[in-house]
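Residue-level structure breakdown
These are the residues of each chain, in order.
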Amino acid sequence: MSTGNMNLTLKVWRQKNNNAKGALVDYKLADISPDMSFLEMFDVLNEQLINKGEEPVVFDHDCREGICGMCSMFINGRPHGPKDLVTTCQLHMRSFKDGDTIVVEPWRAAAFPVVKDLTVDRSAFDRVIAAGGFISVNTGNAQDANNLPIPKMQADAAFEAAACIGCGACVATCKNASAMLFVSAKISQLALLPQGQPERYRRVQSMVAQMDAEGFGNCTNTGACEAECPKGISLENIARMNRDFASAKFISEETV
Amino acid sequence: MSGFGNAFSSSIGKKFIMGITGLFLILFLIVHCGINALIFISDGGLTFNVGAHFMATNWIIRAGEIVLFIGLLAHIFQALRLTLENQKARPVKYAVNDGKANSKWYSRSMGLLGTLLLIFLVVHLKDFWVVSRFTGIPTVDANGHEDLYAVMKEKFQDPVRVVVYILAMFSLCYHLLHGFASAFQTLGWNHSKYNGIIKGAGVWYSVIISILFAAMPIAVYFGLIQ
């Protein structure tokens, strides 16, 4: 890793565990390369902390390629930092200036309790998916894919919804900590395809009920989620979810 | 769970109530603004008083008034409930939160704008609604109708009241700027062919309604209409 010329002041949220009281702690970092990713900058910080015999900062990360949805820092008041359409691991230090002070906090939502420092428990999302974010398929030979013609626009919209990596930036940035962008993307990716139809109206009811049970807030259409989503998930998905929900509750004869 | 189940108690159902009552109030404002704009005919309020007389005596309008109050109260109470729930959804606030980077200030301030409107509404109902429905309009015009226009002229001699009304119309404008398009999105009416029309209509509606309403106390105070 090349040495650099950036000097930074970090204000990082440190919290021992979910029950402990946390606080922002100041760290000075010198010689940071502008080519480093934000997480590599944190690796440097952690090496220094370990060398000094202090506890390293705990943060979530996995692929560091912007596709897994694990990294999750709230940087200077925005999820995944100042750049649009990137995750924290794809954010580079060249997006900051020498001498900057950078405030780093965990996602804040009742449904995402802090585990330690910058790591939060996002298993609420897993439970929403488990409530209906799947299709039921009987085993047997796969049929020819061409037997199910799907219009190109429909396939593209489903693919765009499926791009959601479940990082939780939408919840983090929403003033209401609402999960509607995430849930609507997971509903839409199936609602737009023929394979998702049999369970379409059951799915939307179950997943919305689970979302509510997890304690996420209610959407007020500020659009912050769409603006901050690293995968550019559209608000159109929320409208589609609302339409499907209305159809399920007021038209469908099937009850969940 | 049977029948409609939690259709209106779920997060989306609660949004539906906000959206439906919001659109209903938007329709009401068109009627309210249209009839009040009759003062601009500048005929000493004769035409306006005909409109006011119709609104006060027609039984369909009076029944509609009850629905209006129910809708308004539903909008207010649902907003209060949602706000409290939303605050509970984020018990620990951010030290730094750059909201302006991703959303409009008025879309994040609907509760504040709505509260200002509610305070204004108390003043406004006391000024005109209580007078026309309960305490009585003291004079009649040349046609023998209750002279609500005279009440309006008297009330808007007070510059403080005029300023309060104008400030309230700023709150109304920003509340509508978010609320109009937001109601359509909530009810699922998001469509690439119509989104531009909805957004445009929302902006025009908000600005025109607010300017027309604000022009009324200004015109009366400065004697621009007779």
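It should be emphasised that the depicted structure is a prediction, and the values quoted were computed from it without experimental measurement.

1. Things to note about the overall build of chain B
The helix and strand inventory of chain B stands at 7 helices and 0 strands. In chain B, the succession of helices and strands from N to C terminus is α-α-α-α-α-α-α. Going through the 226 residues of chain B one by one, you find that 28% of them count as buried. Look at the contacts in chain B between residues 6 or more apart in sequence, and 75% of them connect residues 24 or more apart.

2. Considering helix 7 (residues 195-221) of chain B
Residues and elements named next belong to chain B. With 27 residues, helix 7 extends 40 Å between its outermost C-alpha atoms, agreeing within 8% with the 39 Å of an ideal straight helix rising 1.5 Å per residue. Those residues of helix 7 lying buried are Gly202, Ser206, Ile209, Ser210, Phe213, Met216, Pro217 and Val220. Directly after helix 7, the chain includes Gly223, whose backbone phi takes a positive value near 65°.

3. Here's the deal with the pairing of strand 2 (residues 23-32) of chain A
Residues in a regular strand project their side chains so that they alternate between the two faces of the sheet. All names here are of chain A. Across the 10 residues of strand 2, 1 count as buried, placing the element largely on the outside. In terms of strand pairing, strand 1 (residues 6-14) meets strand 2 through 8 bridges, oriented antiparallel. Considered in strand 2, the bridge of Arg14 is made with Ala23.

4. A look at the domain arrangement of chain A
All names here are of chain A. In terms of domain boundaries, chain A breaks down into domain 1 (6-115) and domain 2 (122-137 + 144-250). On a C-alpha basis, the centres of domain 1 and domain 2 stand 28 Å from each other. Domain 1 puts 18 residues into the contact, and the matching count from domain 2 is 17 residues. Among the residues forming the side of domain 1 that touches domain 2, the class breakdown is 11 nonpolar, 5 polar and 2 charged.

5. Brief notes about the environment of Phe77 of chain B
The topology assignment puts Phe77 of chain B in helix 3 (residues 59-88). A residue is classified by how many C-beta atoms lie within 10 Å of it, and Phe77 of chain B, with 12 of them, is exposed.

The rules behind the values
- Residues numbered from 1 in each chain as written.
- Chains lettered and ligands numbered in written order.
- Predicted model: local features only at pLDDT ≥ 70, side-chain atom pairs only at ≥ 80, totals over all residues.
- Helix = DSSP H or I, 4+ residues; strand = E, 2+ residues; numbered from the N terminus.
- Buried ≥ 20, exposed ≤ 12 C-beta atoms within 10 Å, placed from the backbone.
- Contact = placed C-beta atoms within 7 Å.
- Expected span 1.5 Å × (residues − 1).
- Pairing = 2+ DSSP bridges.
- Domains from an automatic or database assignment.
- Nonpolar A, V, L, I, M, F, W, Y, C, P; charged D, E, K, R; others polar.

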